[in-house]
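Observations on chain architecture
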Amino acid sequence: MRWPDGFVCPRCGHDKGWVIRTRKVVDCKKCRVKTSLTAGTIFHKTRTPLLKWYWLIYRMATDKVGTSVAEMQRLLEITDYKTAWLMAHKVRKAMSDRDARYRLAGLVELDETFFGPPGHTRGRGSENKSTVLCAVSLYHGANGKPRPGFAHMRVVADASAKSIGGFLDRLGCGSDTDEGRELIEAFRTDGWKSYRTVAKDKELRHYRVVLRKPVDAGRLLPWVHRIISNAKSVIRGTHRGVSDKHLQSYLSEVCYRFNRRYWEKEIFDRLVKACVCTDTVTYGQLVNRKAL
Ligand SMILES: [Zn+2]
């Protein structure tokens, strides 16, 4: 998967090298740089056997409720929790980097939600909670009914028009110059004033649904609500809550699975491919992350 057409030197692009079996590296015949098969991937310098990694990747790709690190540590006989925790975060990084390339188009359902410790007041602007924007693109299925396409969730500073506008820009809206690329044309929300401002600024069609009771959201904005409730059960259930600074990674993981729900048979291969196509992240980088 790393070199589907054979070795390619990461420094000079030459396609021939000597394999030094004792050190598990390839020595480029032209520039003599030594490259390991795992350098530049999430497996860089790992001391855990790749087979254990593959089991973890398989579980993370297929478990709809998320994968508990403690359980995987036990099953895979990994000595310390920190190693297993770090491995899972590296896989999440690969998921997130892969999905960052996807854009949304057409009609988009959009809503915000809050993640954080229970017991605080609900609603917009709750303190001690992280604001999360969630978008799902819709297309017309064979029977004419709207079907969900891709989903994205993003931790943002607040539910202001500026935050929402920035989120939509990342997803494929407005000033993008890629020719022939489909863009977001319209969105459907609960009509909160920030959404109205964004609709005006970006000249997007805006469909407002009227939510009289919180339960209406599941019916009137069904897809964003499905993925939000999925994310909440993964984070509160399987992971027993996550800290603010890692929330985005867990949300990206939920979206990654949602976005590939029709490709069950290929999902393991796809995720391994994503893992070899992205740089790793270190323990230090993870623990020094800042919450938004
Ligand atoms: Zn070379």
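These lines cover the structure that appears in this document, whether it is placed above or below. Source: prediction; values computed, not measured. (Residues numbered from 1 in each chain as written. Predicted model: local features only at pLDDT ≥ 70, side-chain atom pairs only at ≥ 80, totals over all residues. Heavy atoms only, no water.)

Quick notes on the overall build of the protein
The line we're drawing: Numbering of helices and strands starts at the N terminus; helices are DSSP runs of H or I of at least 4 residues and strands are runs of E of at least 2. A contact between two residues is defined here by any heavy atoms of the two lying within 4.5 Å. Note on areas: Shrake-Rupley with a 1.4 Å probe; residue coverage comes only from the protein chains shown.
What the protein contains, in helices and strands, is 10 helices and 8 strands. Expressed as lengths along the three principal axes of its C-alpha atoms, the size of the protein is roughly 70 × 45 × 40 Å. Once local pairs closer than 6 in sequence are excluded, the contacts in the protein between residues at least 24 apart make up 60%. As displayed, the protein has an accessible area near 16,500 Å², and 51% of this comes from carbon and sulfur atoms.

Concerning the pattern of salt bridges
Basically, it comes down to this: Only one rule defines a salt bridge in this text: a Lys or Arg side-chain nitrogen within 4 Å of an Asp or Glu carboxyl oxygen. The buried label applies to any residue whose accessible area, calculated with a 1.4 Å probe on protein chains only, is under 20% of its type's maximum; exposed applies above 50%, and partly exposed to all values in between.
Within this structure, the stated rule accounts for 11 salt bridges. As a salt-bridge pair, Lys 16 and Asp 15 come within 3.4 Å of each other at their nearest N and O atoms. Arg 59 is the partner of Asp 63 in a salt bridge, and the nearest nitrogen-oxygen pair spans 3.0 Å. The burial state of Asp 63 is the same as that of Arg 59; both residues are buried. Taken together, the shared-partner salt bridges connect Asp 27, Arg 32 and Lys 34 into one network.

Description of the side chain of Arg 92
Following the sequence through the fold, Arg 92 ends up in helix 3 (residues 81–99). With residues near it in sequence (within four places) discarded, Arg 92 still touches Met 60, His 239, Ser 249, Tyr 250 and Glu 253.

A look at the packing of helix 1 (residues 50–62) against helix 3
What counts is decided by this rule: Axis angles are defined between N-to-C directions and span 0 to 180 degrees, where every axis is a line fitted to C-alpha atoms and, for a helix, only to the segment in contact. Each angle is binned into one of four classes, with values under 35 degrees roughly parallel, values over 145 roughly antiparallel, values of 65 to 115 roughly perpendicular, and all other values oblique. The sense of a crossing depends on the near helix, which, turned anticlockwise from the far helix by less than a right angle, makes the crossing left-handed and, turned clockwise, makes it right-handed. Side-chain classes are defined by residue name, with Ala, Val, Leu, Ile, Met, Phe, Trp, Tyr, Cys and Pro counting as nonpolar, Asp, Glu, Lys and Arg as charged, and the others, Gly among them, as polar.
Packing of helix 1 against helix 3 brings their axes to within 10 Å, and their N-to-C directions diverge by 55°. Overall, the two elements helix 1 and helix 3 adopt an arrangement that is oblique. Two packed elements cross with a definite hand, and for helix 1 against helix 3 that hand is right-handed. Here Lys 52, Trp 53, Leu 56, Ile 57 and Met 60 of helix 1 come into contact with helix 3, specifically with Met 87, Ala 88, Lys 90, Val 91, Arg 92 and Met 95. For the contact of helix 1 with helix 3, the residue count by class is 8 nonpolar, no polar and 3 charged.

Observations concerning the coordination of the zinc ion
The cut-off we apply is this: The rule for donors is simple: an N, O or S atom within 2.8 Å of the metal counts, and for Na, K and Ca the reach is 3.2 Å. Water is not among the atoms, so a site may look short of donors. Angle rules define the geometry names used: all angles between 85 and 135 degrees makes four donors tetrahedral, while opposite donors over 155 degrees apart and all other angles between 65 and 115 make four donors square planar and six octahedral, leaving every other case irregular.
Taken together, the protein ligands of the zinc ion are Cys 9 (SG), Cys 12 (SG), Cys 28 (SG) and Cys 31 (SG), with distances of 2.3 Å. Seen from the zinc ion, its 4 donor atoms lie at angles of 105 to 113°, and the figure they make is tetrahedral. Each donor residue of the zinc ion lies on one chain, and together they are spaced C-x2-C-x15-C-x2-C. Look at Cys 31 and you get partly exposed, because its relative accessible area is 21%.

Comments concerning the pairing of strand 7 (residues 184–189)
Here is the rule we go by: Any two strands with at least two DSSP bridges between them are considered paired. The definition of a right-handed crossover adopted here requires that, viewed with the strands pointing away, the path from the first strand over the helix to the second runs clockwise.
Sheet topology places strand 4 (residues 106–115) next to strand 7; 4 bridges connect them, and they run parallel. Paired with Glu 109 across the strands is Arg 188, a residue of strand 7. Bridge analysis of strand 7 against strand 8 (residues 205–208) gives 4 bridges, and the strand direction is parallel. Bridge pairing in strand 8 links Phe 187 to His 206. Since strand 7 and strand 8 lie parallel, the crossover through helix 5 (residues 193–202) that links them has a hand, and here it is right-handed.

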